[in-house]
Protein chains: 2
Amino acid sequence: MTVSPFAPTSVAEPAAVGGVRIATAQAGIKRAGRTDVLLMAFDEGTTVAGTYTRSRCPSAPVEWCRERTPAGVARALLVNAGNANAFTGRKGREATASSAELVAQALGIETAHVFLASTGVIGEPLDAGKFASVMDETASRLAPSGWADAARAIMTTDTFPKVASRTVSLGGTPTTLVGIAKGAGMIAPDMATMLSFVATDAAVPAEVLQPMLTDAVAASFNRITVDSDTSTSDTVLAFATGASGAPIGEAQGGDARAFCAALSDLLLELAHLVVKDGEGCTKFVTVAVRGAESDASASRIARAIADSPLVKTAIAGEDANWGRVVMAVGKAGEPADRDRLAIWFGDVRVAADGERDPDYSEAAASAVMREPEIVLTVDLGLGDGEGVVWTCDLTKAYVAINGDYRT
Amino acid sequence: MTVSPFAPTSVAEPAAVGGVRIATAQAGIKRAGRTDVLLMAFDEGTTVAGTYTRSRCPSAPVEWCRERTPAGVARALLVNAGNANAFTGRKGREATASSAELVAQALGIETAHVFLASTGVIGEPLDAGKFASVMDETASRLAPSGWADAARAIMTTDTFPKVASRTVSLGGTPTTLVGIAKGAGMIAPDMATMLSFVATDAAVPAEVLQPMLTDAVAASFNRITVDSDTSTSDTVLAFATGASGAPIGEAQGGDARAFCAALSDLLLELAHLVVKDGEGCTKFVTVAVRGAESDASASRIARAIADSPLVKTAIAGEDANWGRVVMAVGKAGEPADRDRLAIWFGDVRVAADGERDPDYSEAAASAVMREPEIVLTVDLGLGDGEGVVWTCDLTKAYVAINGDYRT
């Protein structure tokens, strides 16, 4: 498989997060020769918040986590690649229960405090026995470092591991946030995302952490699309161990705002990395819509553009095909007045007042299209609404990757 | 360009439609060496009905026709390939007006009775002078036959011309319906379609013809998708010359029902031909959803499946990847209960009761996937709602065709 042109040359191990221990293992779920299991253990007192797919056919681990998130207590996370444990019926529910019990026994914690995520093929039963064979040995290797290995263990069609970190001073105490993500196809998170896990050593009550996470996800993972296909397994979990001793009690305080900003920034970096490793991606595209009747309307139009196969193939072909952008605006079903529309590729205005910009330079637009990162801006000229969605191009490699994924 | 595997080996000229005369021309709008202009003339008394794109950025010819459809009178149709005259502002409106005037002068009819359609690149001004240079000569060649040539003249990325015809006896009088269509990409008609033109020698008042056309389009063109991208130019026009002398006065009579059935059947054949010539198409897929809470809900779920890049690439790869069908059902936003879901490829039930069918044979499913035409059935197990959408697969050829279409 070709590695994304946006892949970093190396992935540095971030600073450890107090209260978090990590280990990965090869359980033979994905394929021989690579890690496919991630185990994280959290110190007592760790809080948790989560956002999940809005799919009507969610995976068994999504249902497991969704039921246990409101209690707000987490002691462990078990993730596997190679099998999504989705659409696996009663067997899927049994696999989540027995997986969680294995973790609880190995770590001496309660089963209800174990969080689970699975990614990979849909519809194949997940054999919890694969976890049993590696659990005790894996638990014995839990260590404070290992975030980069953790990001590698949860990859499916990803071509590089996705890790990001931030530090933020809370009341003079330095705290750390580290997050990982996976996802390359089936990426159109809607109120959720592909798998991403964030941990911090700040002390954040679960009822404060949850709205912070929800807002940060809305501005990051919920604004990306690779292929318009929403996964059965989308999960973002945030864990706060409190090990730094820096507490965040009030959602509106200065420390809370600083923490929120760091969390949002971290998730946005991870979301962008997911797009940059989108299946077959060669271009990272920012679709910015302004002048809409509302922010929601702008976002829906941005998504229509970002999801359009014709816009995405044109970008793959480095073609400043703004006619297809007009098409996508037109099909979005949102208020739009063709004759007020203006479109830019990068800084080059290609269309204005409902027709081609008379000063438009094809050479200048083509130069923009040859860049690896492209900003596509649409001004509807109707109001103050604005919204942004990030996406990648649609290439033959996407078709090749997905034409023979399961077989 | 590779010709669709569904292309017919030859396209027979259908029976002439009384009251209709046809000519095509090379005006240099599309490219040298092929016809790109279609002129049709209708006898006095011809009625017209039309359905158009719901795009908020419609083309200039769509606006021209939409304004003139309510009067219900048509004497001519002018169509060009190579330029959509969409997002062309004031210049686009001027081009439609002067094109219609050219036709009116050449044929000695009123400008308001000329209907127009354009297909091709969006955003480039359409030079009406191209029509002027060929109009009189073209008008001099108008003849009763030429439907197959007409279908060829309006092709863009189509790989074969699309013609269909029906005969129906009305009160003992034989009448004929002939239709043509074009369209291969930017195909996700919603209350409209790509270009299609139908003519009949039955006598049908415009106020009767319009609801018949609307219903027939809803059951045919509005149920196909190639790439989920709705065009700025979607247009279906039906012309009734009355030349056969067979009148249809009442929408509910037996003759009206027979005519409606023939019209619907004709449009369905053309709609299927559009899908079978979808850009890069190698498979024709019927997505049938039943057991939904309503017909509308079933249709939306069928469309989510038919639009999913992951489902379409799996079909291209001849992979019975029903997990992606589950994903698409889940993302549709419609009522669904994962644990009641059943899925078939052809006659092979691959999933039931929320998990893989225990009797499922991979070999049998794979055999179905190797067929050129595949029926994908989903039973939601919730109610009596059903709906069907026709689509094709997503191949590397689609990406290749659309990565360098404009340049």
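Rules used in this analysis
- Residues numbered from 1 in each chain as written.
- Chains lettered and ligands numbered in written order.
- Predicted model: local features only at pLDDT ≥ 70, side-chain atom pairs only at ≥ 80, totals over all residues.
- Pairing = 2+ DSSP bridges.
- Helix = DSSP H or I, 4+ residues; strand = E, 2+ residues; numbered from the N terminus.
- Contact = placed C-beta atoms within 7 Å.
- Axes fitted to C-alpha atoms, helices over the stretch in contact; angles between N-to-C directions.
- Least-squares fit on C-alpha atoms with pLDDT ≥ 70 in both.
- Buried ≥ 20, exposed ≤ 12 C-beta atoms within 10 Å, placed from the backbone.
- Parallel < 35°, antiparallel > 145°, perpendicular 65-115°, else oblique.
- Left-handed = near helix turned anticlockwise from the far one by under 90°.
- Nonpolar A, V, L, I, M, F, W, Y, C, P; charged D, E, K, R; others polar.
- Core = buried A, V, L, I, M, F, W, Y, C linked by C-beta atoms within 7 Å.
- Domains from an automatic or database assignment.

**Quick word on the sheet that holds strand β13 (residues 348-352) of chain A**
Residues and elements named next belong to chain A.
Here's step 1: Strand order across the open sheet formed by 7 strands is β9-β16-β11-β15-β12-β13-β14, with mixed pairing between neighbours. Of all the strands in the sheet, just β9 (224-225) and β14 (355-356) have a single pairing partner and so form its edges.
Here's step 2: Relative to strand β16 (residues 385-392), strand β11 (residues 284-292) runs antiparallel, the two being bridged by 7 bridges. Of the residues in β16, the one forming a bridge with Val285 is Thr391.
Here's step 3: Those strands touched by helix α11 (residues 362-369) are β12 (342-345), β13 and β15 (373-379), and its axis lies near 120° from that of β13.

**Description of the relation of the copies chain B and chain A**
Here's step 1: Once chain B is rotated about the relating axis by 180° and shifted along it by 0.0 Å, it coincides with chain A to within an RMSD of 0.0 Å. Such a combination of turn and shift is consistent with a two-fold rotation axis. Taking C-alpha positions as the reference, the residue of chain B nearest the rotation axis is Lys396(B), at 2.4 Å.
Here's step 2: Most of the interface of chain B is mirrored in chain A, where 98% of its interface residues are also at the interface.

**Observations concerning the interface of chain B and chain A**
Here's step 1: Opposite the 53 residues of chain B that make contact, chain A presents 52 residues.
Here's step 2: Listed by contribution, the elements that provide at least two residues to the side of chain B that touches chain A are α2 (89-107), α9 (309-316), α10 (322-331), β14 (355-356) and α12 (396-403) of chain B.
Here's step 3: Per-element accounting of the side of chain B that touches chain A gives the leading share, 7 residues, to α10(B).

**Remarks on the environment of Gln105(A)**
Residues and elements named next belong to chain A.
Here's step 1: Along the chain, Gln105 turns up in helix α2 (residues 89-107).
Here's step 2: Exposure remark for Gln105: the 14 C-beta atoms within 10 Å place this residue in the partly exposed category.
Here's step 3: Along the backbone, Gln105 and Arg152 are 47 residues apart, and their C-alpha atoms lie at a distance of 26 Å.

**Overview of the packing of helix α1 (residues 60-68) of chain A against α2(A)**
Residue and element names in this part refer to chain A.
Here's step 1: Close contact between α1 and α2 brings their axes to 9 Å; oriented N to C, the two are set at 55°. One element, α1, and the other, α2, form an angle in the oblique class. Seen along the crossing, α1 lies across α2 with a hand that is right-handed. Judged by residue contacts, Ala60, Pro61 and Trp64 of α1 engage Gly92, Arg93, Ala95 and Thr96 from α2.
Here's step 2: Residues that form the contact of α1 with α2 fall into these classes: 4 nonpolar, 2 polar and 1 charged.

**Digging into the packing of α9(B) against α10(B)**
Residue and element names in this part refer to chain B.
Here's step 1: Remark: α9 packs on α10, axes separated minimally by 9 Å, with the N-to-C direction vectors making an angle of 160°. One finds that α9 runs roughly antiparallel with respect to α10. Judged by the sense of rotation from one axis to the other, the crossing of α9 with α10 is left-handed. Across the interface between the two elements, Leu310, Val311 and Ala314 of α9 pack against Arg324, Val325, Met327 and Ala328 of α10.

**A few points about unusual backbone geometry**
Here's step 1: Even without being glycine, Phe87(A) reaches a positive phi, approximately 55°.
Here's step 2: The topology assignment puts Phe87(A) in the loop between β4 (76-83) and α2.
Here's step 3: Classification of Phe87(A) as buried rests on a count of 29 C-beta atoms within 10 Å.
Here's step 4: If you check the backbone angles, Glu318(B) has positive phi at about 55° while not being a glycine.
Here's step 5: Assignment of secondary structure puts Glu318(B) in the loop between α9 and α10.

**A word on the nonpolar core**
Here's step 1: Ile305(A), Val329(A), Ile305(B) and Val329(B) are the most contacted members of the largest nonpolar core, which has 292 residues in total.
Here's step 2: Excluding its chain neighbours within four sequence positions, the residues that come into contact with Ile305(A) are Val287(A), Val311(A), Val325(A), Ala328(A), Val329(A) and Leu376(A).

**Notes on the domain arrangement of chain A**
All names here are of chain A.
Here's step 1: Each domain of chain A was delimited in the assignment, giving domain 1 (20-276) and domain 2 (284-403).
Here's step 2: Using C-alpha coordinates to define each centre, domain 1 is positioned 33 Å away from domain 2.
Here's step 3: With 11 residues of domain 1 at the contact, the number on the domain 2 side is 11 residues.
Here's step 4: Of all the elements in the fold, those that place two or more residues in the side of domain 1 that touches domain 2 are β9 and α7 (254-276).

**Examining the sheet that holds strand β7 (residues 173-181) of chain B**
Residues and elements named next belong to chain B.
Here's step 1: Spatial ordering of the open sheet is given by β3-β10-β8-β7-β6, a layout of 5 strands whose pairing is mixed. Each end of this open sheet is capped by a strand with a single partner; those strands are β3 (47-52) and β6 (162-170). The mean angle between the axes of side-by-side strands here comes to 15°, regardless of whether they run parallel or antiparallel.
Here's step 2: Taken together, the 6 bridges between β3 and strand β10 (residues 235-240) define a ladder with antiparallel strand orientation. Its bridge partner being in β10, Ala49 is matched across the sheet by Ala238.
Here's step 3: Across the face of the sheet, helix α1 (residues 60-68) comes into contact with β3 and β10 while running at roughly 135° to β3.
Here's step 4: On top of the sheet, helix α7 (residues 254-276) reaches β6, β7 and β8 (196-200); it is set at about 170° to β6, its chief contact.

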